[in-house]
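Secondary and tertiary structure notes
Single-letter residue listing:
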Amino acid sequence: MANSTLTKQRSEALGSTVALKSAMAVTGVILVLFLIAHMYGNLNVFAGRQAFDNYSHHLRELGEPMLPHGGFLWIMRVVLLASVLIHIYAAVVLWRRAGRARPVRYQVTKRVQRSYSSYTMRYGGIGIALFAVFHVLHLTTNTIHPGGPSDSPYERMVSGFQPEFWYVTLFYVAAVLAVGFHLRHGIWSALTTLGANRQSRQRSLNIIATVIAAGLTIGFLLTPLSVTFGLVG
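Counting from 1, residues in each chain are numbered in the order their sequence is written. In view of the model being predicted, local features appear only for residues whose pLDDT reaches at least 70, and side-chain atom pairs are presented and counted only at 80 or more, with totals across whole chains, interfaces and linings using the full set of residues. Working from all heavy atoms in the structure, the side-chain values ignore hydrogens and water.

Per an unreviewed UniProt entry, the chain goes by the name Succinate dehydrogenase cytochrome b subunit and belongs to Streptomonospora wellingtoniae. Regarding the chain, the relevant UniProt record gives this comment under Subcellular location (unreviewed entry): "Membrane". UniProt positions are given in the numbering used here, feature names are shortened, and annotations may be inferred rather than shown by experiment.

Shown next as structure tokens:
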């Protein structure tokens, strides 16, 4: 009986709103750190084919000989996949709880003020998840190749964003902008959940969230737009 009660208490604790928000915050931090590293890698395209391909090859050798060839990448993929799944699960559960807390839809009695980034968190997240699948199939597994298949990561990047494939660039730009809006609100929410939000710090937190989101958005847009407009080729 005692064990059953303890198990139930643990289950309730793990499923509490605070625990779910904390899980979203921690996994969000992991994903932001990955995006920063990924953006740095993408910007190597401006150093030319050899530098970009060498960088991609070096990722597969990280951790050797302690790890097998490509071992670091697989560890990173598992961590990222787990983070994404936990992030999505927590978001869905919290969204459903919020819906149950307000079962009746009101007539227009009060306009709720909220930022555009906050409004797009839910639907933007769905779009980002779909884009991530396309992005992996395009530039990682070489399954989708608008400019033709290639063993060179640089060639896949450059050929995939040529002017004739403007729709790929447009899709990429729209997805990156959605990521930017998602990050802007997500970073602020994560800092709040982790206890950094105080009345005196709100302006600073807003600035930090905006700067990080804007920096990542610009950094990720530089590569496809530079290729499409002939600055990289």
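Back to the text.
1. Here we look at unusual backbone geometry
The omega torsion across Glu64 and Pro65 is 5°, close enough to zero to call that bond cis. Only runs of H or I of at least four residues qualify as helices and only runs of E of at least two qualify as strands under DSSP, and these elements are numbered from the N terminus. Take Pro65: it is sitting in the loop between helix 3 (49–61) and helix 4 (71–101). Unusually for a residue other than glycine, Asn142 sits at a positive phi of about 65°. Assignment of secondary structure puts Asn142 in the loop between helix 6 (121–139) and helix 7 (153–160).

2. A closer look at the pattern of salt bridges
For this analysis, a salt bridge means a side-chain nitrogen from Lys or Arg found within 4 Å of a carboxyl oxygen belonging to Asp or Glu. In total, this model carries two salt bridges according to the counting rule given. A salt bridge links Asp53 to Arg49, with the shortest nitrogen-to-oxygen separation between them at 3.4 Å. Residue Asp53 and its partner Arg49 are both found in helix 3; the two are separated by four residues, about one turn of the helix. Residue Glu155 pairs with Arg49 through a salt bridge whose shortest N-O separation is 2.5 Å. Placement of the pair is Glu155 in helix 7 and Arg49 in helix 3, with a sequence separation of 106 residues. Taking relative accessible area as the criterion, Glu155 reaches 32% and is therefore assigned partly exposed. Here the residues in one salt-bridge network are Arg49, Asp53 and Glu155, joined through shared partners. When accessible area is computed with a 1.4 Å probe and restricted to protein chains, residues below 20% of their type maximum are described as buried, those above 50% as exposed, and intermediate ones as partly exposed.

3. Digging into the UniProt feature "transmembrane region" (unreviewed entry) in the chain
Here, UniProt's "transmembrane region" (unreviewed entry) annotation points to residues 18–40, 72–95, 123–145, 165–183 and 204–227. Taken end to end, residues 18–40 is 100% helix and 0% strand, and its first and last C-alpha atoms sit 33 Å apart.

4. Details of the packing of helix 3 against helix 7
Angles here are taken between N-to-C directions and fall from 0 to 180 degrees, while the axes themselves are lines fitted to C-alpha atoms, restricted in helices to the stretch in contact. At a minimum axis separation of 8 Å, helix 3 and helix 7 run at an interaxial angle of 120°. By the angle between their axes, helix 3 is oblique relative to helix 7. From helix 3, Arg49, Phe52, Asp53 and Ser56 reach across to helix 7, where they touch Pro153, Tyr154, Glu155 and Met157. Residues are grouped as follows: Ala, Val, Leu, Ile, Met, Phe, Trp, Tyr, Cys and Pro are nonpolar; Asp, Glu, Lys and Arg are charged; all remaining types, including Gly, are polar. Grouping the amino acids of the contact of helix 3 with helix 7 by side-chain chemistry returns four nonpolar, one polar and three charged. For classification, angles of less than 35 degrees are called roughly parallel, those exceeding 145 degrees roughly antiparallel, those between 65 and 115 degrees roughly perpendicular, and all remaining angles oblique. Pairs of residues are marked as contacts when any of their non-hydrogen atoms sit within 4.5 Å.

5. What to know about the packing of helix 2 (residues 17–43) against helix 8 (residues 166–193)
Relative orientation of the contacting elements helix 2 and helix 8 amounts to 135°, with a least axis distance of 10 Å. With respect to their mutual orientation, helix 2 and helix 8 come out oblique. Like other packed secondary-structure pairs, helix 2 and helix 8 cross with a definite hand, here left-handed. Note on element contacts: helix 8 touches helix 2 through Tyr172, Val179, Leu183, Ile187, Ala190 and Thr193, opposite Lys21, Ser22, Ala25, Val32, Leu35 and Asn42. Partitioning the contact of helix 2 with helix 8 into residue classes produces eight nonpolar, three polar and one charged. The sense of a crossing depends on the near helix, which, turned anticlockwise from the far helix by less than a right angle, makes the crossing left-handed and, turned clockwise, makes it right-handed.

6. Looking at the packing of aromatic side chains
For any two aromatic rings, the description comes down to two numbers: the centre-to-centre distance and the angle of the planes. Two aromatic rings, drawn from Phe, Tyr or Trp (for Trp, its six-membered ring), form a pair once their centres lie within 6.5 Å of each other, and the interplanar angle then sorts them: stacked below 30 degrees, edge-to-face above 60, tilted otherwise. This model, assessed by the stated rule, comprises eight aromatic pairs. The interplanar angle of 75° and the centroid separation of 5.7 Å between the aromatic rings of Phe131 and Phe171 together place this pair among those described as edge-to-face. In this pair, Phe131 sits in helix 6 while Phe171 sits in helix 8, placing the two residues 40 residues apart along the sequence. Overall, the relative accessible area of 36% leaves Phe171 in the partly exposed class. Members of the aromatic cluster, joined through ring pairs, are Phe131, Phe134, Phe161, Phe171 and Tyr172.

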